[in-house]
Amino acid sequence: MTERIRPPTSSTRVFALLGDPVAHSLSPVMQNAALESLGEDGVYVALRCREAQLNGLIRGLALAGGGGNVTLPHKERATTALDRPTEAVRRTGACNTFWLEDGDVHGDNTDVEGLRRALHRLMGGVPEGASVLLLGAGGAARAALAALLDDSVARVDLLNRTVERARAVARRLGGDRTHVLDSRLRLGERSYDLVVNATRLGLGEGDPVPLELGTEAEAGAVLDLVYGVGETPLVTRARELGIPAMDGGEMLLQQGAVAFERWWQQPAPVDAMRGVLDRIRDRVAP
Ligand code: NAP
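So, here is what we can say about the structure in this document. Here the structure is a predicted model, which means the values were calculated and not measured. (Residues numbered from 1 in each chain as written. Predicted model: local features only at pLDDT ≥ 70, side-chain atom pairs only at ≥ 80, totals over all residues. Heavy atoms only, no water.)

Here's the deal with the packing of helix α5 (residues 139-150) against helix α6 (residues 163-174)
Reasoning step 1: Here α5 crosses α6 at 40°, and the two axes come no closer than 10 Å. If you check the angle between α5 and α6, you find them oblique. The handedness of the crossing between α5 and α6 comes out as right-handed. In this structure, α5 uses Arg142, Leu145, Ala146 and Leu149 to contact α6, whose residues at the interface are Val169, Arg172, Leu173 and Gly174.
Reasoning step 2: Here the residues of the contact of α5 with α6 sort into five nonpolar, one polar and two charged. (Axes fitted to C-alpha atoms, helices over the stretch in contact; angles between N-to-C directions. Helix = DSSP H or I, 4+ residues; strand = E, 2+ residues; numbered from the N terminus. Parallel < 35°, antiparallel > 145°, perpendicular 65-115°, else oblique. Left-handed = near helix turned anticlockwise from the far one by under 90°. Contact = heavy atoms within 4.5 Å. Nonpolar A, V, L, I, M, F, W, Y, C, P; charged D, E, K, R; others polar.)

Have a look at this one:
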């Protein structure tokens, strides 16, 4: 397929992904597909940057009428560049999207709403009163916990390799519905409506699964935030057991769609974004 490329002009809005590394990110191709599908005059690039350059870039891009995303390792530091953080940024302590509005630099953490939308696609949303096992205690786990607690789950069990990190997340966000498990042994074959993997396990070749489904715990559905080439081992195992499961590709898409909505104040062309992501993942799959 030949793609129409609109040459940038002096009025083109510039958006950038800021992080280190950024070379493997799918955000540029996804966001440029969205711009092209709606015919918007914008361009999205990836800029590898160090922490010392971050705040200048965020404010410069936003004040010039554009905006962007922030990825690892700068999501926490990015919060210090904002005039107006959203509630999601305040709760999670992380910002992944910034833009200019009424002269102020605004920032959101669209991973929170992105995860909620991915869960909607997986299981029509988390049922009220559900019990959830959340694996991990990094930035992705904080976003997941914020979304789950907003969705009226009854209980979230938090399990992480470093227990103290899980306790810190629970203190920051948890309230009385969040319970930290201090060891995998505490799982005791418990049954959960949903298991969310927010660890890095599954990114590396030969990684063990973060949880032995059916042995360590039962799951009604599985959302793995990890994505890469093909299915993740956790998603493969879940499907073998007949459990509805989804990897992090949908959350990647949805957090990008929410960011697009912040920048352009209109619904994102989700089908065009999904189409280009699917084509890339099919093309690179073995
Ligand atoms: P992070 O802040 O670095 O946290 C990493 C987490 O993985 C921590 O809980 C860490 O445990 C755990 N972990 C790392 N190696 C482990 C191992 N060998 N065994 C057990 N646990 C291990 O990273 P993050 O930003 O939260 O990202 C986590 C994952 O989510 C990544 O794979 C990332 O790609 C994915 N993610 C996806 C999306 C999306 O849109 N789909 C968005 C954000 C993140 P310790 O605390 O013990 O180190």
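Considerations on the packing of aromatic side chains
Reasoning step 1: One pass over the full model with this rule turns up four aromatic pairs.
Reasoning step 2: Centre to centre, the rings of Phe15 and Trp263 are 4.9 Å apart; their planes meet at 40°, and the pair counts as tilted. In this pair, Phe15 is assigned in strand β1 (residues 13-19) and Trp263 in helix α8 (residues 249-264), connecting sequence segments 248 residues apart. By the burial criterion, Phe15 is buried, and Trp263 matches it. (Phe/Tyr/Trp six-rings, centres within 6.5 Å; stacked < 30°, edge-to-face > 60°. Buried < 20%, exposed > 50% of the residue type's maximum accessible area, 1.4 Å probe, protein only.)

So, the sheet that holds strand β4 (residues 84-85)
In sheet architecture, strand pairing relies on hydrogen bonds along the backbone and comes in two forms, parallel and antiparallel.
Reasoning step 1: Judged by pairing direction, the sheet is mixed, and its six strands sit side by side in the order β2-β1-β3-β5-β6-β4 without closing on themselves. One side of each edge strand has no neighbouring strand; the edge strands of this open sheet are β2 (42-48) and β4.
Reasoning step 2: Packing against the sheet, helix α1 (residues 27-38) makes contact with β2 and β3 (67-70), and its axis sits at approximately 170° to β2.
Reasoning step 3: Sheet strands in contact with α8 are β1, β2, β3, β5 (97-101) and β6 (104-108), and its direction is about 15° off that of β5. (Pairing = 2+ DSSP bridges.)

Focus on α1
Reasoning step 1: Here α1 spans 17 Å end to end across twelve residues, near enough to the 16 Å set by a 1.5 Å rise per residue.
Reasoning step 2: Burial in α1 covers these residues: Ser27, Pro28, Met30, Gln31, Ala33, Ala34 and Leu35.
Reasoning step 3: Of the residues flanking the end of α1, it is Gly39, one or two places downstream, whose phi is positive at about 70°. (Expected span 1.5 Å × (residues − 1).)

Structural notes on the nonpolar core
Reasoning step 1: Leu134 and Leu194 are the most contacted members of the largest nonpolar core, which has 34 residues in total.
Reasoning step 2: Listed by contribution, the elements that provide at least two residues to this core are α4 (110-123), β7 (131-135), α5, β8 (155-159), α6 and β11 (194-197).
Reasoning step 3: It is α5 that contributes the most residues to this core, eight residues altogether.
Reasoning step 4: If you look at the next biggest cluster of nonpolar residues, it comprises 20 residues, including Leu26, Met30, Trp99 and Ile280. (Core = buried A, V, L, I, M, F, W, Y, C linked by side-chain atoms within 4.5 Å.)

Thoughts on unusual backbone geometry
Reasoning step 1: With an omega of 10°, the peptide bond running from Asp20 to Pro21 counts as cis.
Reasoning step 2: With respect to the secondary-structure elements, Pro21 resides in the loop between β1 and α1.
Reasoning step 3: For the peptide bond that leads from Leu72 to Pro73, omega is 5°, which places it in the cis range.
Reasoning step 4: At Ser152, a position not held by glycine, the phi torsion is positive, near 60°.
Reasoning step 5: The topology assignment puts Ser152 in the loop between α5 and β8.
Reasoning step 6: Owing to a relative accessible area of 35%, Ser152 belongs among the partly exposed residues under this scheme.
Reasoning step 7: One non-glycine residue, Gln265, lies in the positive phi region at around 50°.
Reasoning step 8: Tracing the backbone shows Gln265 in the loop between α8 and α9 (270-284).

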